[in-house]
Amino acid sequence: SAACALRPSGYYDNIARSRAAGIELEAVVALDAAWQLSANYTHLDAVDRLTHKDLARAPHDLSFAKLSFQPAEKWSLAASVSFTGSSFDRAGQNGRLGSYALGNLYASYAFSDQLEVYGRVENVWDTKYEQTLGYGALGRTASAGLRAKI
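Cut-off values and rules
Residues numbered from 1 in each chain as written. Predicted model: local features only at pLDDT ≥ 70, side-chain atom pairs only at ≥ 80, totals over all residues. Heavy atoms only, no water. Pairing = 2+ DSSP bridges. Helix = DSSP H or I, 4+ residues; strand = E, 2+ residues; numbered from the N terminus. Axes fitted to C-alpha atoms, helices over the stretch in contact; angles between N-to-C directions. 1 Å grid on protein atoms, 1.4 Å probe; cavity = no way out; pocket = protein on both sides within 12 Å on 5 of 7 lines; lining within 4 Å. Points joined across faces, edges and corners; volume = space filled by probe spheres on them.

Participant: Which residues make up the pairing of strand E7 (residues 100-110), and what are the values?
Facilitator: As defined by bridge partners, strand E4 (residues 75-84) adjoins E7 across ten bridges and the pair is classed as antiparallel. Bridged to Leu-77 within E7 is Ala-107. Direction of pairing for E7 relative to strand E8 (residues 115-122): antiparallel, over a ladder of seven bridges. By the bridge assignment, Ala-110 is partnered in E8 with Glu-116. Hairpin geometry of E7 and E8 is characterised by an intervening segment of four residues between the two adjacent antiparallel strands.

This is the structure we're talking about:
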């Protein structure tokens, strides 16, 4: 298009009118003193009101669940899974982005109220996915650190 010729590195294009409607559900349940389950779900219909097509990068379905375990006051462990439904990368419903699920693991130990060591593994299944067409996301990553409250 003419806009691409003027801005070869890309450009943003506002949508004149859009509509987003849906439902969100959330629940947090203490299974006992040490275990907690939290989950949420979103169903979204986001539409360009002029073309009546889905908005780019707005999946219809998103969900997340996390199981946390705190066996002692200083320890915390958790595992989570998230799901992102398929969507389109560009206006006009082209450039399909596939759905994907990610799993994560978390652990921490508090030495005191001011000092905590933590670790996490994100994308434990090493899922290959794209949030933007042509740009892969990180695979499995692990990190650890020390958190100090001053």
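Participant: Kindly report on the sheet that holds E7, identifying the contributing residues and their values.
Facilitator: Overall, antiparallel pairing links the seven strands, which are arranged E1-E2-E3-E4-E7-E8-E11 in an open sheet. Edge positions in the sheet fall to strand E1 (18-30) and strand E11 (141-148), since each of these pairs with one other strand and no more. Strand-to-strand twist across the sheet, computed as the mean angle between neighbouring axes with direction ignored, equals 15°. Of the strand pairs in this sheet, strand E2 (residues 35-48) and strand E3 (residues 61-69) are connected by nine bridges, and their pairing is antiparallel. Of the residues in E3, the one forming a bridge with His-43 is Asp-61.

Participant: Outline the layout of surface pockets, supporting the account with residue identities and numerical values.
Facilitator: Of the pockets and cavities examined, the second largest pocket occupies roughly 180 Å³. Contributing to the lining of the second largest pocket are Glu-73, Lys-74, Ala-110, Phe-111, Ser-112, Asp-113, Gln-114, Leu-115, Glu-116, Arg-147 and Lys-149.

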